[in-house]
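What follows is each chain in one-letter form.
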Amino acid sequence: SVPLEDMQPPFVVLDGLTSSSNVGQILRSAFHLGVTSVVASQSCWSCLNGRACRVSMGWMYQMQFHLADSLPATLKCLQSRGVHVYGADNYASAYVSARYGAKPVAPHMPAGGCEWALVVGSEAGILSQEVVAVCNDCVCVPQRQGESLNVAHVTAICLYELSKNSTRQAS
């Protein structure tokens, strides 16, 4: 595990995922969208395995990982460094949007900034209440049909939207 202070934003934060395939898809998308700093909750750490590596097409070897002892405390540490924390809501229903105040995902502002982190929850689309309480904003992917998207798809769309105005070049 890399010390958090040695990692650079933007970040993808994994909260409670249990599928190595989903983790691998998230890491592959994150890498290709310029996100190479990953924070994982204790419950998700075991998903960083050979299956995740295969699904990520090996790109996870080009990323840095931090194991969070306490995810809320780790997010607060990121915020103290000026990182804006977004929580991704896997359901775009009116009920969930009202409950968490989720807004449609949009490019991170100010334009050119990459000081942000996207927290994604379990395959059930749920962020822990402790994590939601720390997030600066909750975002969702507006959907025209269906109840929810796969967490890896939601993550890819959110990462794309948040990084649209970033001037950071992929390394």
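Scroll up to find the structure this text is about.
What this report covers is the structure whose coordinates are included nearby. (Residues numbered from 1 in each chain as written. Predicted model: local features only at pLDDT ≥ 70, side-chain atom pairs only at ≥ 80, totals over all residues. Heavy atoms only, no water.)

### Observations concerning the overall build of the protein chain
Threshold: By definition, any uninterrupted DSSP run of H or I lasting at least four residues is a helix, any uninterrupted run of E lasting at least two residues is a strand, and each is numbered from the N terminus. Just to be clear, the radius of gyration here is over C-alpha atoms, and the globule rule we use is 2.2 Å times residues to the power 0.38. The rule is simple: take the accessible area with a 1.4 Å probe, protein chains only, and divide by the maximum for that residue type; under 20% is buried, over 50% is exposed, in between is partly exposed. Pairs of residues are marked as contacts when any of their non-hydrogen atoms sit within 4.5 Å. Only the protein chains shown count as cover for residues, and all accessible areas are computed by the Shrake-Rupley method using a 1.4 Å probe.
Looking only at helices and strands, one finds 6 helices and 7 strands in the protein chain. In the protein chain, the succession of helices and strands from N to C terminus is β-α-β-α-β-α-β-α-β-β-α-β-α. For a compact globule of 171 residues, the expected C-alpha radius of gyration is about 16 Å, and the protein chain comes in at 14 Å, within 12% of that figure. Going through the 171 residues of the protein chain one by one, you find that 49% of them count as buried. Summarising the internal contacts of the protein chain: among those between residues at least 6 apart in sequence, 86% fall at separations of at least 24. As displayed, the protein chain has an accessible area near 8000 Å², and 52% of this comes from carbon and sulfur atoms.

### Section: the nonpolar core
For the record, the criterion: Among buried residues, those of type Ala, Val, Leu, Ile, Met, Phe, Trp, Tyr and Cys that are joined through side-chain atoms within 4.5 Å constitute a nonpolar core.
Counting residues in each nonpolar core, the largest one holds 32 residues, and the members touching the most others are Leu14 and Leu118. At the level of secondary structure, the elements contributing two or more residues to this core comprise strand E1 (11-14), helix H1 (20-32), helix H2 (50-55), strand E4 (84-89), strand E6 (116-120) and helix H6 (151-163). In terms of residue count, H6 provides more of this core than any other element does, 6 residues in total. Core analysis: the next-biggest nonpolar cluster, separate from the first, contains 21 residues, Phe11, Leu71, Leu75 and Cys138 among them.

### A short note on the pairing of strand E3 (residues 64-67)
Stated formally: A pair of strands is labelled paired if DSSP reports no fewer than 2 bridges between them. The crossover handedness rule: strands pointing away from the viewer, path from first strand over the helix to second strand clockwise, crossover right-handed.
By the bridge criterion, 4 bridges tie strand E2 (residues 37-40) to E3 in an arrangement that is parallel. Following the sheet pairing, Val38 is matched in E3 by Phe65. Once the chain exits E2 it traverses H2 before rejoining the sheet at E3, and the crossover so formed is right-handed.

### Describing the pattern of salt bridges
Selection criterion: Put simply, a salt bridge is a Lys or Arg side-chain nitrogen that is within 4 Å of an Asp or Glu carboxyl oxygen.
By the definition in use, this model includes 2 salt bridges. Across the pair Asp137 and Lys103 runs a salt bridge whose closest N-O atoms are separated by 3.0 Å. Of this pair, Asp137 sits in strand E7 (residues 137-140) while Lys103 sits in strand E5 (residues 103-104), and the two are 34 residues apart along the sequence. With a shortest N-O distance of 3.3 Å, Glu161 and Lys164 are connected by a salt bridge. When its relative accessible area of 18% is taken as the criterion, Glu161 is described as buried. Of the residues examined, Lys164 reaches a relative accessible area of 42% and is grouped as partly exposed.

### Some points on the pairing of E6
In terms of burial, E6 is a largely internal element, 5 of the 5 residues being buried. The alternating pattern of E6 places Trp116, Leu118 and Val120 on one face and Ala117 and Val119 on the opposite face, and all of these are buried. In this sheet, E6 lies alongside E1 in parallel orientation, the contact comprising 4 bridges. The partner of Val12 across the bridge, within E6, is Leu118.

### Some details on the sheet that holds E5
The cut-off we apply is this: Fitted lines through C-alpha atoms serve as axes, helices being fitted only where they are in contact, and the angles separating the N-to-C directions of these axes extend from 0 to 180 degrees.
Across the sheet, 7 strands lie side by side as E3-E2-E1-E6-E4-E7-E5; this open sheet has parallel pairing. Two strands bound the open sheet, and with one partner strand each, they are E3 and E5. Here E4 pairs with E7 via 4 bridges, running parallel. The residue bridging Asp89 from the neighbouring strand is Cys140, located in E7. Relative to E1, H1 is tilted by about 175°, and along the sheet it contacts E1, E2, E3 and E6. Set on the sheet, H6 makes contact with E1, E4, E6 and E7; between it and E6 the angle comes to about 165°.

### Some thoughts on the state of the cysteines
A covalent bond between the sulfur atoms of two cysteines is what we call a disulfide. To be explicit about the condition: Whenever a pair of cysteine sulfur atoms sits within 2.5 Å, that pair is classed as a disulfide.
Taken as a whole and judged by the stated rule, the model has 0 disulfides. In this structure Cys44 is a free cysteine whose sulfur lies 5.0 Å from that of Cys47, the closest cysteine sulfur available. With a relative accessible area of 0%, Cys44 lands in the buried category. With no disulfide of its own, Cys138 lies closest to Cys135 among cysteine sulfurs, the gap being 5.1 Å.

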